[in-house]
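One letter stands for each residue in the lines below.
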Amino acid sequence: MKLEDEIKQTRFESGGQKAVINVIFTANWINSQFRNIFKTYDLTLQQYNVLRILRGKYPKSANPGEIKEVMLDKNPDLTRLCDRMCNLGLITRTVDKDNRRKMNITITQKGLDTLEQAAPELDKLEKELVNISESEANLLSDLLDKLRG
């Protein structure tokens, strides 16, 4: 559906304004689709992102700075996010033996299992959402990179 129909607005100040509004609208729409799946696993988008990052490091751990550096959403309070994830048994936190001021965060087997269980639904959703060709997807990605400068 066209943006104009979705937000009931037919005039924009410029093509640039329309593009930015469309990016924001589309990002929120995609996030809501993923949130519906994550709800099934008692996860938030940020928690999923942390699990995905830690799975990439597994079996090694990562410190909060390393996680924050590559998170898709740089805004969450990582300490509280990790507290909740520890309480859910998705990750463990340990004090670094060489530097007691540093925390090491590791995904647990429960975290790995959760990602594995959610994978088929996420793959299916991605295929449903990305109804453009591979070359169009690459062009879109390049344009979004260009937009961010």
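How each quantity is defined
- Residues numbered from 1 in each chain as written.
- Predicted model: local features only at pLDDT ≥ 70, side-chain atom pairs only at ≥ 80, totals over all residues.
- Heavy atoms only, no water.
- Helix = DSSP H or I, 4+ residues; strand = E, 2+ residues; numbered from the N terminus.
- Rg over C-alpha atoms; globule rule 2.2 N^0.38 Å.
- Buried < 20%, exposed > 50% of the residue type's maximum accessible area, 1.4 Å probe, protein only.
- Contact = heavy atoms within 4.5 Å.
- Areas by Shrake-Rupley, 256 points an atom, 1.4 Å probe, with all protein chains shown as cover.
- Axes fitted to C-alpha atoms, helices over the stretch in contact; angles between N-to-C directions.
- Parallel < 35°, antiparallel > 145°, perpendicular 65-115°, else oblique.
- Polar contact = N/O pair within 3.5 Å; in protein donor to acceptor, adjacent residues only side chain to side chain.

S.K.: Would you mind going over the overall build of the protein in detail, with residue names and values included?
M.R.: Across its full length, the protein holds seven helices and two strands. The N-to-C order of helical and strand elements in the protein reads α-α-α-α-α-β-β-α-α. In terms of C-alpha radius of gyration, the protein reaches 19 Å, well past the compact-globule figure of 15 Å for 149 residues. By principal-axis analysis of the C-alpha atoms, the protein measures approximately 60 × 30 × 30 Å. Counting the 149 residues in the protein, one finds 27% classified as buried. Expressed as a percentage of contacts within the protein between residues at least 6 apart in sequence, the contacts between residues at least 24 apart total 45%. Of the accessible surface of the protein, which amounts to about 10600 Å², a share of 51% is contributed by carbon and sulfur atoms.

S.K.: Which residues make up the packing of helix α3 (residues 45-57) against helix α5 (residues 78-87), and what are the values?
M.R.: Contact geometry for α3 and α5: axes closest at 11 Å, N-to-C directions at 80 degrees. Judged by the inter-axis angle, α3 sits roughly perpendicular to α5. The segment α3 lies against α5, with Q46, Q47, V50 and L51 engaging L78, L81, R84 and M85.

S.K.: I'd like a description of the side chain of D96, backed by residues and values.
M.R.: When you line up the elements, D96 lands in the loop between β1 (91-95) and β2 (103-107). The class of D96 is buried, set by a relative accessible area of 12%. Of note is the side chain of D96, whose polar atom sits 2.7 Å from the backbone nitrogen of D98. With residues up to four places along the chain from it excluded, the contact list for D96 reads K102 and N104.

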